[in-house]
Every structure is written in structure tokens, then in C-alpha cells.
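Notes for the structure review
In case you want the letters, here they are:
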Amino acid sequence: MPLFPLPHGALLPGELLPLHVFEPRYRVMLEEIRKGDRLIGIATLLPGWETDYHGSPALADVVGLGRVVKDRLNPDGTSDIVLHGLLRGEIIEELPGKPFRRAQLMIRGDGHWHAAETYRLRRELLTGIAERLRNRQLSFDLTAGFDVGALADRIASALDLSVEQRVEMLQALDLERRVALLLSLLREKAHRQQLLEIIPSLHAFSLALGSPLGPAT
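Description of the structure in this document. (Residues numbered from 1 in each chain as written. Predicted model: local features only at pLDDT ≥ 70, side-chain atom pairs only at ≥ 80, totals over all residues. Heavy atoms only, no water.)

**Focus on the pairing of strand E5 (residues 79–95)**
Residues in a regular strand project their side chains so that they alternate between the two faces of the sheet. Note that strand E2 (residues 16–21) and E5 share 6 bridges and pair antiparallel. The partner of Leu-16 across the bridge, within E5, is His-84. Pairing of strand E4 (residues 62–73) with E5, which is carried by 11 bridges, proceeds in the antiparallel orientation. Bridge pairing in E5 links Val-62 to Glu-90. Two strands pair when backbone bridges link them, and E5 and strand E6 (residues 102–108) are joined in this way by 7 bridges, in the antiparallel orientation. Its bridge partner being in E6, Glu-94 is matched across the sheet by Ala-103. (Pairing = 2+ DSSP bridges. Helix = DSSP H or I, 4+ residues; strand = E, 2+ residues; numbered from the N terminus.)

**Focus: the packing of helix H2 (residues 115–133) against helix H5 (residues 175–185)**
At a closest axis distance of 10 Å, the pairing of H2 and H5 adopts a crossing angle of 5 degrees. Taken together, H2 and H5 sit at an angle that is classed as roughly parallel. Side by side, H2 and H5 meet where Arg-120, Leu-121, Glu-124, Leu-125, Gly-128, Ile-129 and Arg-132 of the first sit next to Leu-175, Glu-176, Val-179, Leu-182 and Leu-183 of the second. (Axes fitted to C-alpha atoms, helices over the stretch in contact; angles between N-to-C directions. Parallel < 35°, antiparallel > 145°, perpendicular 65-115°, else oblique. Contact = heavy atoms within 4.5 Å.)

**Notes on unusual backbone geometry**
Phi is positive for His-8, close to 60 degrees, though the residue is something other than glycine. Topologically, His-8 is positioned in the loop between strand E1 (3–7) and E2. Even without a glycine there, the phi angle at Arg-38 is positive, about 60 degrees. The class for Arg-38 is partly exposed, based on a relative accessible area of 25%. (Buried < 20%, exposed > 50% of the residue type's maximum accessible area, 1.4 Å probe, protein only.)

**A few points about the pattern of salt bridges**
Scanning the entire structure with this criterion turns up 15 salt bridges. Residues Arg-72 and Asp-80 are paired through a salt bridge, measuring 2.8 Å at the closest nitrogen-oxygen approach. The partner of Arg-120 in a salt bridge is Glu-124, and the shortest N-O contact between them spans 3.4 Å. One end of the pair, Arg-120, and the other, Glu-124, are both in helix H2, 4 residues apart, so they sit about a helical turn from each other. Of the residues examined, Arg-120 reaches a relative accessible area of 29% and is grouped as partly exposed. (Salt bridge = Lys/Arg side-chain N within 4 Å of Asp/Glu carboxyl O.)

**A few points about the nonpolar core**
Proteins that are soluble and globular tend to have nonpolar side chains buried together. Counting residues in hydrophobic clusters, the biggest one holds 31 residues, and the most contacted among them are Leu-125, Ile-129, Val-148, Ile-155, Leu-182 and Leu-195. Looking at this core, the elements that each hand over two or more residues are H2, helix H3 (148–158), helix H4 (163–171), H5 and helix H6 (189–209). Per-element accounting of this core gives the leading share, 6 residues, to H5. Each residue touching Leu-125, except ones within four places of it in the same chain, is listed here: Phe-146, Val-148, Leu-151, Val-179, Leu-182 and Leu-183. Counting 16 residues, the second largest nonpolar core, distinct from the first, contains Ile-42, Ile-81, Leu-83 and Phe-100. (Core = buried A, V, L, I, M, F, W, Y, C linked by side-chain atoms within 4.5 Å.)

**Section: the packing of H3 against H5**
Viewed as axis vectors pointing N to C, H3 and H5 meet at an angle of 35 degrees, and their least axial separation amounts to 10 Å. As for the relative orientation of H3 and H5, their crossing is left-handed in sense. Judged by residue contacts, Val-148, Gly-149, Ala-152, Asp-153, Ile-155 and Ala-156 of H3 engage Leu-175, Arg-178, Val-179 and Leu-182 from H5. For the contact of H3 with H5, the per-class residue count stands at 7 nonpolar, 1 polar and 2 charged. (Left-handed = near helix turned anticlockwise from the far one by under 90°. Nonpolar A, V, L, I, M, F, W, Y, C, P; charged D, E, K, R; others polar.)

**Re the packing of aromatic side chains**
For the structure shown, the criterion picks out 1 aromatic pair. With 4.6 Å between their ring centres and 15 degrees between their planes, Phe-4 and Tyr-26 make a pair best called stacked. Here the residue Phe-4 occupies a position in strand E1, and Tyr-26 occupies one in helix H1 (residues 24–33), the gap between them amounting to 22 residues. Tyr-26 matches Phe-4 in its accessibility class, with the two residues each being buried. (Phe/Tyr/Trp six-rings, centres within 6.5 Å; stacked < 30°, edge-to-face > 60°.)

**Here we look at the side chain of His-191**
Its location among the elements puts His-191 in helix H6. Once residues lying within four places of it in the same chain are set aside, the contact partners of His-191 are Leu-159, Asp-160, Leu-161, Gln-165, Leu-185 and Leu-186.

In C-alpha cells:
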């Protein structure tokens with residue numbers, strides 16, 4: 001997978017990320033992916049990257065995999081693209097031989113949880129949201145079979161998080177930790193207000209997953 005390392009880079013599943021591509025090595029990368037599946041891994045540069053930016057500074061283990069859904073090649077050779085986040089991948093090893101960075105990745109889904117554990121995490125997420133919002137007009141179906149990780153990512157990507165918070169969410173491969181991080185973020189009043197504003201879109205999102213979040217008004 002070609003890698004596009006960025007300071008504080010993070011691409012959560014479901015998120016759209018606009019990028020202006022101007023460096024020669026990443027222009028070459030775009031030329032190659034345009035011939036294939038148009039997938040790029042957005043990698044996070046670790047602290048200290050400034051001293052070796054044009055080399056191979058250290059990267060965080062987890063990258064966000066995205067597909068190029070908009071692509072404009074400009075007259076000066078630069079490009080403006082938009083990536084749609086698909087899933088997480090973990091770097092196994094980097095591969096030589098190209099002017100841009102590439103790596104062998106292991107796709108990291110949320111795994112197969114026992115039904116009782118899945119129910120517990122759904123309950124933890126929904127009751128945690130309800131406790132923080134304290135809005136009597138909202139109701140949640142604790143028996144709904146929605147994807148806990150996908151919903152947590154969807155909420156996080158819609159909030160106005162700091163770059164550090166977004167990176168932390170991306171690196172949370174463990175589903176239990178991801179739920180805990182999201183609920184911790186929702187202790188902030190601004191994030192709670194944002195969530196109330198996006199509840200209708202979350203309802204539509206959960207329907208698309210095949211199980212409703214619950215009626216929202």
C-alpha cells in the first residue's frame with residue numbers, strides 16, 4: 001500500500017479528507033494509483049519528523065486506508081484529491097524500491113466478539129451517550145445489531161476534534177478503548193452540542209448499516 005505520511009495525519013473510516021498534492025514523490029505515487037484501485041494509506045508522522053521529513057521519519061503503527069473519490073490534476077502538475085476513509089491497517093514492514101513510501105499492511109477490523117461482549121459494548125456506548133446528552137427526546141434500542149466500531153468512528157469523524165484527538169481515535173484498534181475514548185471526548189460541552197446537531201444523520205447512517213440507532217427528533 002502506498003503511504004502518504006502527514007504531521008498529525010489521521011483518516012478515520014467514513015471520513016472525507018481533502019489533500020493538495022505537490023511534492024514530486026507523491027505526484028509519482030498518484031500517477032501509479034490512478035492505474036489501480038486508487039487506495040492510499042494516510043500515515044501519522046511521529047514527533048521528531050521535522051529533522052528527517054524528506055527521508056523516512058518514524059510512523060505510527062496504524063494508518064487510515066482511503067480511496068480517492070475526487071481527483072483533479074492541475075496545469076502545474078499538482079493535484080487536489082479527496083480521500084474517503086475505509087478502514088484501519090497496521091504497518092507490518094515498509095517496502096523499498098519507490099520514491100514514495102510503501103508498506104505491507106495487515107487490515108485491522110474490529111474482530112469477532114462474543115455476542116454477550118458485543119451487547120455490552122453497544123450498551124456502554126448508547127447509555128454513555130444518553131447520560132452525556134441528557135435529552136429526553138432521544139431513545140435508543142439496546143438490542144439493535146449495529147456495528148459499534150463503525151458508529152463510534154462515524155461520531156468521532158463528525159466532531160470538531162483536535163488533530164491529537166483524531167490521531168488517538170485512529171490508533172485505537174481495541175474496540176473497547178475506542179468506545180471509552182469517544183465517551184471521554186463527549187464530556188466536553190462543545191462536542192455534546194455537535195453530536196445533538198448530527199443525530200439525524202447518525203440515524204440515517206445506522207439505518208444504512210441495517211439496524212436503527214433509535215428515533216431522534
